[in-house]
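Chain and residue survey
For reference, the chains in residue letters:
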Number of protein chains: 2
Amino acid sequence: MKQYLKLDKWNIIEEDFQLHQHEISESIFSIGNGYMGQRANFEEAYSGPSLQGSYMAGVYYPDKTRVGWWKNGYPEYFAKVLNSTNWIGINIDIDGQPLDLATCTVKDFSRVLNMKEGTLSRSFIAELEGGKEVRVESLRFVSMTRHEIGAIRYAVTPLNFSGTLIVTPYLDGDVQNKDSNYEEKFWAEVSKEFGENDAALTIKTKKLDFHLTSVMKFEISKNGEALTFEDEQIEKEKYVGSRVQIQAAENEQIVIYKYVANVTSRDFGFGQLVDAARGALQSAVEAGFQELHKEQIQAWADKWRDSDIVIEGDVAAQQAIRFNIFQLNQTYSGEDDRLNIGPKGFTGEKYGGSTYWDTEAYCLPFYLSTADSSIARNLLIYRYKHLEKAKENARKLGFTKGALYPMVTMNGEECHNEWEITFEEIHRNGAIAYAVYNYVNYTGDFDYLGQYGLEVLAEIARFWEERVNYVPAKDQYVMLGVTGPNEYENNVNNNWYTNRIASWTMEYTLEVLEYLRENEPSRYHELVEKMHLTTDETEKWHEIIDKMYYPYDPEREVFLQQDGFLDKDLTPVKDLDPKHLPLNQNWSWDRILRSAYIKQADVLQGLFFLGDRYDVATKKRNFDFYEPLTVHESSLSPCVHSIMACELGYKEKAYEMYLRTSRLDLDNYNNDTEDGCHTTSMAGTWMSVVHGFGGLKVKDGVLQLNPFNPGHWKSFSFKVMFRGSRLKVTVGEHDVIVANESEVPADINVYGKDYTVGGMGNVKVAH
Amino acid sequence: MKQYLKLDKWNIIEEDFQLHQHEISESIFSIGNGYMGQRANFEEAYSGPSLQGSYMAGVYYPDKTRVGWWKNGYPEYFAKVLNSTNWIGINIDIDGQPLDLATCTVKDFSRVLNMKEGTLSRSFIAELEGGKEVRVESLRFVSMTRHEIGAIRYAVTPLNFSGTLIVTPYLDGDVQNKDSNYEEKFWAEVSKEFGENDAALTIKTKKLDFHLTSVMKFEISKNGEALTFEDEQIEKEKYVGSRVQIQAAENEQIVIYKYVANVTSRDFGFGQLVDAARGALQSAVEAGFQELHKEQIQAWADKWRDSDIVIEGDVAAQQAIRFNIFQLNQTYSGEDDRLNIGPKGFTGEKYGGSTYWDTEAYCLPFYLSTADSSIARNLLIYRYKHLEKAKENARKLGFTKGALYPMVTMNGEECHNEWEITFEEIHRNGAIAYAVYNYVNYTGDFDYLGQYGLEVLAEIARFWEERVNYVPAKDQYVMLGVTGPNEYENNVNNNWYTNRIASWTMEYTLEVLEYLRENEPSRYHELVEKMHLTTDETEKWHEIIDKMYYPYDPEREVFLQQDGFLDKDLTPVKDLDPKHLPLNQNWSWDRILRSAYIKQADVLQGLFFLGDRYDVATKKRNFDFYEPLTVHESSLSPCVHSIMACELGYKEKAYEMYLRTSRLDLDNYNNDTEDGCHTTSMAGTWMSVVHGFGGLKVKDGVLQLNPFNPGHWKSFSFKVMFRGSRLKVTVGEHDVIVANESEVPADINVYGKDYTVGGMGNVKVAH
């Protein structure tokens, strides 16, 4: 752990600039607005280690697959999140010396991510070779209200000299992805032009023909007064810039306001891009920096009103949970159903793709509880739109029917290329089915089932039907050759979780069919016909549900993660010499595989999803068996353990797991934050508070709260959207209140304090 | 299957040149001499599809590993067999038109691999654009007696015109490996020089600094008379050539004799290379082409005297077995213990590396039976020399002791990068131990055990000791997470073969220890001390041997390939729609994995190796269970099945499997011969005849023969080195003769025909 950031309730603060932490900070201080995002790269030139990253949501590159040994079924490409035009750049030259924090002496450095207002600011004094000092203060944001707009205020003040500043704002499309498989550049130039007061650059991806147009405009003031200036236009391959020479006297502040609009061919025709960008830019410039800033503050105030979690008495926890919520809100706004939530959001390029099962398993509950239901619905519709591709994917792997959703995707096609994951980590299909249940259960939007839900469910059920095989000697169905959520086991037989979620999918699909037959008979018949759904199939599902094999240890009375699990050495993690941890950095892959150590919740993931089907004693036995073997080397692991620990009353474990998940990036637990933040796991952190300590469950449209005192906080409060017809709050195992929404009183005693609930409820739990 | 080659007892013959078969022929018609080898590329320029390949044994390139997802323990590089200086090149220009078989009309084409004499010849008439015709006749070989020397006789005759020929013999080091991971060229130029009558080129590998010097000299004759000529020297990057202009009248035959010496820094210091090459070349040129050719014929006659197999009544089978023997003899001559037998020999670059377990499991028996025991001994010493690297490899994977030999290697270091193979296909260690047993058993060279054998055995036994784990509930040792010989199963638990060969290794190691303690007590103590071998260890080996777990089906009374095998769908291959075959081209990898289909002998491999420990009934039950599930999609599979089928009296199956293995490349069964021949599996073909139909077994120094009539041949005969003190020949289950070597009579009746046996025995079996 490297705790170099200051604790603060609303801000992430870095003081004392150090080169080796810069890439970590570039990730953590990233800003985004759901439409585009930007790592915390410096505006001015920087020659130190840096991961340049400007990302436009939904713009990607199909990078030719790179593997050592090809396996049948591998996809031809891996979709890469695309580093795009560097639009923040403003080079500063001071009397012939470039301003570059890697080469000058940096004093009074501070970098602040203001999460309340959605801005990134920086200030420092740079001492150049020869002793000249300048103070720099910058502030930037990507607008939450005008998605195409980024705005920068960049102020330079000579402190101990008078001299010549050369300021060069630019747009540079000659950028590269660090993770390019063959060190290829993905962008080609389309056009560049200088307008009267602006410069425009259009580039396009070498494959798929995504076009990106960026237009920039800038103003300069000296000591608060607008400056008129001559600029020299600079053109290079995929680059436009404007060079301005300014005489600055000692202590005169030169401020550059740079406005950029980025628009893409996802939203406009090729011929309209420059005009569209200029239009957006013009209106932003007319509003002016201050007004844009004000809009930003207001937009974020709205976000916080609906999604904030307040923790009293623990600044580290407060800062962490806000950081997680902030990242989620700036990664996905839910307005565009072609978009999804990439594992690194807009903070890095690693893992490529945009959509993993993380979305359904971890992110959905956050959006369900904190935003309008249309947002969560869009996440579901995204998968509905990919159904045909998921069917193709199943065909490609040899299935005659059903759908297998991809492990990683941008457009519905599988991008992943590691057989034990791509072909075998098929439980992801279950999470996509579970998301339908989760959504309908939470929102009561039963219409969704007939409109979209059933088709997805039935095609997944068909996949499971064909994926299992019957073993006459056992009179049971087994599922061979899978990888469960715990990726420290590959190609196992009868992963309990996968068998369980497969069987559950078939159950729920049959339930939904029954619901539609009764409640929407004409739509039911329409769908049955459209899908050529036969009674042979549904009877087969019943049979598989009845005869599914689940590995089980009758002695310990626990579900077995997979066949043969008990043949492993079951030494708990705590008895392992700590030098071995983390295993993924210290052990060879085969040693990890044959060990019993668990990367992330697997059996416990199932007990969490299907929590209402298992009693506390069962959960406890399984938790007590698996938790000691779990190393939590996936960012998605601690939250599930934290939530279950709350339910089981394991206060210390719940809190330990919460800290681990919530400050994962801020404290760089996994030693990889420089690659980007663990954006999707941040939703798990939110779940730890709301589902874990808050005890939120939803069952049959009833919102149930059973708050649990984490024991380290004075109080905590959170918001949840309350859409069901009833609310039920229990403390421990006793019901405290059951009320219709309209009947909920304004103040109700829980742990001696109050909470209120309404269309958006605010739950406060205190000592 | 593409049978485009003519059947012939001693030659491989291609008539009727077709572009799409050229790359296949380039593989099949390859020539080599154990020191270097050359695909059947054309001497003249060729613009059609071609895999250029000139290889120098032991000269390789550590190509940076390319994987999609890195796993701890992967090696940094994959050692590539290195395409080296093209030394065969002779460009021909006819009145301004290049001779290029891809662009002219080809008539009367014939390409002949003369296996009896070890030469490749070619003749054709080429009609150029405009109608000019030339006849070309070429003959080339790499000398079996002068390893550095390659010689070419290339004759051109204008048939219907008189004109100007421009002839350009050259050496071109600007070549590339097709399988280069990052499209990098591996060679850099060191020097080039023109001598009085020769041209020399030295290149070096960009990593590891292997130097290769090639020197060429050529002579030209016209109608049999030496021609004096002026040549223009051509120098390019990594290239030297000599351009000669010749006036040729209609029907005048122009013959170019090109002699090349290739020497490497494996054998000479950097400063000596050019002189060494010139020396070798000078002596070859002085001998002259005819004399070199005579030497070649004699050298191959010697090889055939010791290793030929004669099959009467089946030309296809005769041609095939000779092709297999020819390839083996030209790939490895056994004189250099730094060399080994690459999976493609000198016929292609695929699979890189040089040494797989193929060497021990398949190749060793061929060299044991057909060559001096020093050859087989060198193969063993090769591994002894790599013992320290194998120990390092085990440490790298987290083992505290023991040795894990690499899956693929050039210098003892692991090169392979696919976790399920690299880390898990550890049965290779067993084959290396078995080879020691096999060698000592066959040759009676017990001295080898104390000199080299024990150290290898004990370090492998130590590896197994640490690789198994004890399961208290079973009171047994298991081995988790392995891949057996059947690579259509990955990461399985308790692969029967691996458990069995592991346990056998420990048994044999204990036996060898006991032998040394009794027979070489001082060496025994020296070794125990050197290896710090403790009684704790040997006792542990005894315990593991006693308590090893072997998966077994009590109902069918068969060994189970691995835990859970019976949960699979056991539909036999014959009931599968043939459209699915071969599975590796039609099924996704996950479907292959979860099927019961077997790529190559696995349980049966164990029953073959340890054949004297299992009765015929056991072998039969297992063969009857596994054969129907085996798809033989490894070239190493059919031979084991063929041998077992012989023992079990399954005549048709034995013959079917024999044909499949013996004509694998000639008939391009696996549709991949263009990448190179399946050189190591050729030794399996030889085993099919000698161990299968010949019934050769060796037990306690007794050579046992139990010939089996394959039923499709008039007769067959083979040679075996006979070194043991006794010979035992049985027919069926009855002993026919048991005799000391000196007592073996000259003619003994087997199937009514005769055989003789001596220091080199000739066994003939006839109807």
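Sequence order as written defines the numbering, with residues in each chain counted from 1. Numbering of ligands from 1 and lettering of chains from A proceed in the order in which they are written. Whole-chain, interface and lining totals are the exception, using all residues; otherwise, since this is a predicted model, local features are given only for residues with pLDDT of at least 70 and side-chain atom pairs are given and counted only at 80 or more. As a rule here, side-chain values come from all non-hydrogen atoms in the structure, and water together with hydrogens is ignored.

1. Comments concerning the overall build of chain A
Basically, it comes down to this: A helix here means a DSSP run of H or I that spans at least four residues, while a strand means a run of E at least two residues long, and both kinds are numbered starting from the N terminus. Computation of the radius of gyration draws on C-alpha atoms alone. For the globule rule, the value is 2.2 Å times the number of residues to the power 0.38. Residue contacts are defined here by distance: any two heavy atoms, one from each residue, within 4.5 Å place the two residues in contact. We get accessible surface area from the Shrake-Rupley algorithm with a probe of 1.4 Å; when it comes to residues, only the shown protein chains can shield them.
A count of helical and extended segments in chain A gives 20 helices and 33 strands. Compactness check: chain A gives a C-alpha radius of gyration of 27 Å against a globular reference of 27 Å for 767 residues, within 12% of the reference. With respect to the three principal axes, the spread of C-alpha positions in chain A is 85 × 60 × 55 Å. Considering only intrachain contacts with a sequence separation of at least 6, the fraction spanning at least 24 residues in chain A is 70%. Surface accessibility of chain A: about 26200 Å² in total, with carbon and sulfur atoms responsible for 46%.

2. Side note on the packing of helix 11 (residues 496-519) of chain A against helix 13 (residues 535-547) of chain A
Geometrically, a packed helix pair is captured by the angle between its two axes and the distance between the axes. Residue and element names in this part refer to chain A. What counts here: For helices, the fitted axis covers only the stretch in contact; all axes are lines through C-alpha atoms, and the angles between them, taken along N-to-C directions, range from 0 to 180 degrees. Roughly parallel covers angles under 35 degrees, roughly antiparallel covers those over 145, roughly perpendicular covers 65 to 115, and oblique covers all other angles. Take the far helix as your reference; a near helix turned counterclockwise from it by less than a right angle gives a left-handed crossing, and one turned clockwise gives a right-handed crossing. Under the grouping applied here, Gly and all other residues not named as nonpolar or charged are polar, the nonpolar ones being Ala, Val, Leu, Ile, Met, Phe, Trp, Tyr, Cys and Pro and the charged ones Asp, Glu, Lys and Arg.
Here helix 11 crosses helix 13 at 140°, and the two axes come no closer than 9 Å. Looking at the two axes, helix 11 sits oblique to helix 13. As for the relative orientation of helix 11 and helix 13, their crossing is left-handed in sense. Facing helix 11, whose interface residues are Ser503, Met506, Glu507, Thr509, Leu510 and Leu513, helix 13 presents Thr538, Trp541, His542, Ile544 and Ile545. Within the contact of helix 11 with helix 13, the residues separate by chemical class into six nonpolar, four polar and one charged.

3. What about the sheet that holds strand 3 (residues 31-32) of chain A?
For the record, the criterion: Here a strand pair is declared whenever DSSP counts at least two bridges between the two strands.
Strand order across the open sheet formed by four strands is 3-4-5-6 (chain A), with antiparallel pairing between neighbours. In the strand order of this sheet, the two ends are held by strand 3 and strand 6 (77-83) of chain A, each with one partner.

4. Observations regarding the pattern of salt bridges
Residue and element names in this part refer to chain A. Convention followed: Here a salt bridge means any side-chain nitrogen of Lys or Arg lying within 4 Å of a carboxyl oxygen belonging to Asp or Glu. The rule is simple: take the accessible area with a 1.4 Å probe, protein chains only, and divide by the maximum for that residue type; under 20% is buried, over 50% is exposed, in between is partly exposed.
One pass over the structure, following the stated rule, counts 118 salt bridges over all chains. In this structure, arginine 243 engages glutamate 232 in a salt bridge whose closest nitrogen and oxygen atoms are separated by 3.2 Å. With a gap of 11 residues between them, arginine 243 in strand 19 (residues 239-248) and glutamate 232 in strand 18 (residues 231-236) connect regions that are remote in the sequence. The class of arginine 243 is partly exposed, set by a relative accessible area of 31%.

5. A look at the interface of chain B and chain A
In plain terms, the rule: Put simply, buried area is how much 1.4 Å-probe accessible surface two parts lose in total, over both of them, once they are put together. Two N or O atoms count as a polar contact when they lie within 3.5 Å, although within protein this holds only if one can serve as hydrogen donor and the other as acceptor, and sequence-adjacent residues are included solely when both atoms are side-chain atoms.
Counting residues at the interface gives 45 residues for chain B, matched by 45 residues for chain A. Of the roughly 3800 Å² buried between chain B and chain A on both sides combined, carbon and sulfur atoms contribute 49%. When the buried area of chain B at its contact with chain A is split by residue, Trp69(B), Asp567(B) and Arg594(B) rank highest and sum to 20% of it. Across the chain B-chain A interface, the total number found is six salt bridges. The tally of links between chain B and chain A comes to 26 residue pairs in polar contact (both at pLDDT 80 or more). Where the side of chain B that touches chain A is concerned, the elements lending two or more residues are helix 8 (419-422), strand 22 (469-471), helix 14 (583-586) and helix 15 (589-594) of chain B. Counting residues per element, the side of chain B that touches chain A draws most heavily on helix 15 of chain B, at five residues. The class makeup of the residues in the side of chain B that touches chain A is 17 nonpolar, 13 polar and 15 charged.

6. Remarks on the pairing of strand 5 (residues 54-64) of chain A
All names here are of chain A. With nine of its 11 residues buried, strand 5 lies for the most part within the structure. Sheet topology places strand 4 (residues 36-38) next to strand 5; three bridges connect them, and they run antiparallel. Bridged to glycine 37 within strand 5 is tyrosine 55. In this sheet, strand 6 lies alongside strand 5 in antiparallel orientation, the contact comprising six bridges. Residue pairing across strands places aspartate 63 opposite phenylalanine 78, the latter belonging to strand 6.

7. Description of the sheet that holds strand 3 (residues 31-32) of chain B
Picture the strands of a sheet paired through backbone hydrogen bonds; they go either parallel or antiparallel. Residues and elements named next belong to chain B. Judged by pairing direction, the sheet is antiparallel, and its four strands sit side by side in the order 3-4-5-6 without closing on themselves. Either end of the sheet is taken by a strand with one partner, and the two such strands are strand 3 and strand 6 (77-83). The pairing of strand 3 with strand 4 (residues 36-38) spans two bridges and is classified as antiparallel. By the bridge assignment for strand 4, glycine 32 is matched with glycine 37.

8. Here's the deal with the relation of the copies chain B and chain A
Rule in force here: Fitting of the copies onto one another was done by least squares over C-alpha atoms, counting residues only where both copies have pLDDT of at least 70.
The operation relating chain B to chain A is a screw motion whose rotation component is 180°, with 0.0 Å of axial translation and a residual RMSD of 0.1 Å. The symmetry that links the two subunits is that of a two-fold axis. Among all C-alpha atoms of chain B, that of Val67(B) lies closest to the rotation axis, at 2.2 Å. The overlap is high: 100% of the interface residues of chain B also sit at the interface in chain A, so the same surface is used on both sides.

9. Description of the UniProt feature "domain: Glycoside hydrolase family 65 N-terminal" (unreviewed entry) in chain A
Counted only if it meets this: UniProt positions are given in the numbering used here, feature names are shortened, and annotations may be inferred rather than shown by experiment.
Using the residue numbers shown here, the UniProt feature "domain: Glycoside hydrolase family 65 N-terminal" (unreviewed entry) corresponds to residues 14-266 of chain A. End C-alpha atoms of residues 14-266 of chain A are separated by 36 Å, and the span's content is 4% helix alongside 55% strand.

10. With respect to empty space enclosed by the protein
One simple way to see leftover space: roll a probe sized like a water molecule over the atoms. Short version of the rule: Site definitions follow a grid-based scheme: protein atoms alone, a 1 Å grid, a 1.4 Å probe that fits but cannot get out for cavities, and for pockets an open set with protein on both sides within 12 Å along at least five of seven lines, plus lining residues having an atom within 4 Å of a point. Grid points are joined across faces, edges and corners, and a volume is the space filled by probe spheres set on the points.
One pass over the full model with this rule turns up 14 cavities of 30 Å³ or more. The volume enclosed by the largest cavity comes to roughly 170 Å³. Forming the walls of the largest cavity are 17 residues, and the residues nearest its centre are Tyr74(A), Glu418(A), Tyr74(B), Asn417(B) and Glu418(B). Those elements that place two or more of their residues in the lining of the largest cavity are helix 8 (419-422) of chain A together with helix 8 of chain B. Across the lining of the largest cavity, the residue classes tally to eight nonpolar, four polar and five charged.

11. Here's the deal with the packing of aromatic side chains
Just so we agree on the cut-off: Stacked, edge-to-face and tilted labels apply to pairs of Phe, Tyr and Trp rings (six-membered ring for Trp) whose centres lie within 6.5 Å, assigned for plane angles under 30 degrees, over 60, and everything in between, in that order. By definition here, charges over rings are those cases where NZ of Lys or CZ of Arg is within 6 Å of the ring centre and within 35 degrees of the ring normal.
Counted according to the given criterion, the structure contains 106 aromatic pairs over all chains. Taking 5.7 Å as the distance between ring centres and 55° as the angle between the ring planes, the aromatic pair formed by Phe17(A) and Phe42(A) counts as tilted. Here Phe42(A) lies in the loop between strand 4 and strand 5 and Phe17(A) lies in the loop between strand 2 (11-15) and helix 1 (19-28), a separation of 25 residues in the sequence. In this pair, the class of Phe17(A) matches that of Phe42(A), namely buried. Here the aromatic cluster, defined as three or more aromatic residues joined through ring pairs, consists of Tyr434(A), Tyr437(A), Tyr497(A), Trp504(A), Tyr508(A), Phe608(A) and Phe609(A). The ring of Tyr182(B) has Lys64(B) sitting right over it, with the charged end atom 4.9 Å from the ring centre. When the ring centre of Trp10(B) is taken as origin, the NZ or CZ atom of Arg322(B), which lies over that ring, is 3.6 Å away.

12. Topic: the pairing of strand 9 (residues 105-114) of chain B
Residue and element names in this part refer to chain B. Where strand 2 (residues 11-15) and strand 9 come together, five bridges link them in antiparallel fashion. Bridging from a neighbouring strand, isoleucine 13 pairs with valine 112 of strand 9. In the sheet, strand 9 pairs with strand 10 (residues 119-127) via eight bridges, with the strands oriented antiparallel. If you follow lysine 107 over to strand 10, its bridge partner there is isoleucine 125. Linking two consecutive strands that pair antiparallel, namely strand 9 and strand 10, is a turn of four residues; a positive phi of about 70° is found at glycine 118 within it.

13. A word on the environment of Ala200(B)
Residues and elements named next belong to chain B. When you line up the elements, alanine 200 lands in strand 15 (residues 198-205). Owing to a relative accessible area of 2%, alanine 200 belongs among the buried residues under this scheme. Residues alanine 200 and leucine 171 lie 29 residues apart in sequence; the distance between their C-alpha atoms is 8.1 Å. With sequence-adjacent residues up to four places away left out, alanine 200 is seen in contact with Ser191, Lys192, Glu193, Ser214, Val215, Val240, Val274 and Arg278.

14. Let's talk about unusual backbone geometry
Residue and element names in this part refer to chain A. Here leucine 581 and proline 582 are connected by a cis peptide whose omega angle stands at -10°. Mapped onto the fold, proline 582 is located in the loop between strand 25 (558-559) and helix 14 (583-586). Positive phi values are uncommon outside glycine, yet asparagine 494 reaches one of about 55°. Inspection of the secondary structure puts asparagine 494 in the loop between strand 23 (476-478) and helix 11. Accessibility expressed as a relative area gives 0% for asparagine 494, which makes it buried.

15. Observations regarding the environment of Glu252(A)
All names here are of chain A. On the secondary structure map, glutamate 252 appears in the loop between strand 19 and strand 20 (254-264). C-alpha of glutamate 252 to C-alpha of leucine 159: the two residues are 93 residues apart in sequence and 8.3 Å apart in space. In this structure glutamate 252 touches Val156, Thr157, Pro158, Lys222, Asn223 and Gln247, once residues within four positions along its chain are discounted. Polar contacts involving the side chain of glutamate 252 include one to the main-chain amide nitrogen of alanine 249, which spans 2.9 Å.

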